[in-house]
Amino acid sequence: MRVLAEVHARDGYPVNWPDQPGEWLSHGPLLGSWVAELDGGLVGHVCLSQGGQGDLAPMLWSERNGSARDMAAVVSRLFVAPQARGRRIGALLIGRAVEEARRRGLHPVLDVVASDTAAAALYERLGWELMATVEQRWSPHRTVAVRCYTAPSWRGRS
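Thresholds, definitions, all that
- Residues numbered from 1 in each chain as written.
- Predicted model: local features only at pLDDT ≥ 70, side-chain atom pairs only at ≥ 80, totals over all residues.
- Heavy atoms only, no water.
- Pairing = 2+ DSSP bridges.
- Helix = DSSP H or I, 4+ residues; strand = E, 2+ residues; numbered from the N terminus.
- Axes fitted to C-alpha atoms, helices over the stretch in contact; angles between N-to-C directions.
- Contact = heavy atoms within 4.5 Å.
- Core = buried A, V, L, I, M, F, W, Y, C linked by side-chain atoms within 4.5 Å.
- Buried < 20%, exposed > 50% of the residue type's maximum accessible area, 1.4 Å probe, protein only.
- Expected span 1.5 Å × (residues − 1).
- Phe/Tyr/Trp six-rings, centres within 6.5 Å; stacked < 30°, edge-to-face > 60°.
- Salt bridge = Lys/Arg side-chain N within 4 Å of Asp/Glu carboxyl O.

Visitor: Before we move on, can you summarise the sheet that holds strand β4 (residues 107–113) with the specific residues and values?
Guide: One open sheet holds the 6 strands; their spatial order is β1-β2-β3-β4-β6-β5, and the pairing between them is mixed. With one partner strand each, in any of the chains shown, β1 (30–38) and β5 (129–139) form the two edges of the open sheet. If you compare each strand with its neighbour and ignore which way they point, the axes differ by 25 degrees on average. Of the strand pairs in this sheet, strand β3 (residues 72–80) and β4 are connected by 3 bridges, and their pairing is parallel. Note on β4: the bridge partner recorded for V74 is V109. Sitting on the sheet, helix α4 (residues 89–103) is in contact with β1, β2 (41–50), β3 and β4, with an inclination near 160 degrees to β3.

Below, the structure written as structure tokens:
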């Protein structure tokens, strides 16, 4: 949780700080989660889950490909400690989650708050394709623009 708190203080991620960060990291229908270590210390995290209520990327991918929504897996809760950035740790974590999704026969998707331009730039450098930018209501008084991405095709699969 210390690394997550550092990322939140520096970057504002997650946008809404959870009351119970540990539960937030492990909440939902997880298919797996991974951490990165550097010099014996934890420096990053990512998880993979089935799409849940309110996850737009699986729905968009499903509509676009004529596939069942449950054939998508959501890459989420990616963060890297500020002092460990620039070492491809984020790319390695994403790669691990994508590998697991594909091993399960699922297609990786993700979404990111549109204001998080650094994350969007990373996904695009890795070949992820922007499906749409949509407005998502996070509360009765807050609507947020969210960019929904699909992983690059793999061996002729969508």
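Having seen the model, we can carry on.
Visitor: Please set out the nonpolar core residue by residue, giving values where relevant.
Guide: In terms of nonpolar packing, the biggest core is built from 33 residues, with L48, L93, Y123 and W128 touching the most fellow members. Secondary structure elements with two or more residues in this core: α1 (2–11), β1, β2, β3, α4, β4 and α5 (117–125). Broken down by element, the residue count for this core peaks at 6 residues, all from α4. With sequence-adjacent residues up to four places away left out, W128 is seen in contact with V75, I94, V98, P108, V109, L110, Y123, Y149, T150, A151 and P152.

Visitor: Tell me about α4, and name the residues and values.
Guide: Relative to the 21 Å expected for 15 residues at 1.5 Å per residue, α4 spans 21 Å between its end C-alpha atoms, a close match to the ideal helical length. At its buried positions, α4 is contacted by β1, β2, β3, β4 and α5.

Visitor: I'd like a rundown of the pairing of β4, residues and numbers included.
Guide: Walk down a regular strand and you will see the side chains alternate between the two sheet faces. Of all 7 residues in β4, 6 are buried, a share of seventy percent or more. Sheet topology note: the β4/strand β6 (residues 142–150) ladder contains 5 bridges and is antiparallel. Its bridge partner lying in β6, D111 is registered against C148.

Visitor: Now, about the packing of aromatic side chains: what can you tell me, with residues and values included?
Guide: Enumeration over the complete set of coordinates arrives at 3 aromatic pairs. For the ring pair Y13 and W24, a centre distance of 6.0 Å and an interplane angle of 65 degrees mean the geometry is edge-to-face. With a gap of 11 residues between them, Y13 in the loop between α1 and α2 (21–26) and W24 in helix α2 connect regions that are remote in the sequence. Given a relative accessible area of 21%, W24 falls into the partly exposed group. Centroid distance Y123 to W128: 6.3 Å. Interplanar angle 50 degrees. Geometry classified as tilted. W128 shares its class with Y123; the two are buried. Aromatic rings pair up to connect Y123, W128 and Y149 into one cluster.

Visitor: Describe the pattern of salt bridges, listing the residues and the values that go with them.
Guide: Should the charged atoms of two oppositely charged side chains come close, the side chains can pair. This structure, assessed with the given rule, holds 9 salt bridges. The salt bridge partner of D11 is R85, with a shortest N-O separation of 2.5 Å. Note that D11 is positioned in helix α1 and R85 in the loop between β3 and α4, a separation of 74 residues in sequence. For D11, a relative accessible area of 41% corresponds to the partly exposed category. Here the salt bridges do not stand alone but share partners, grouping R96, E99, E100, R103 and R104 into one network.

Distances and angles like these do not, on their own, reveal function.
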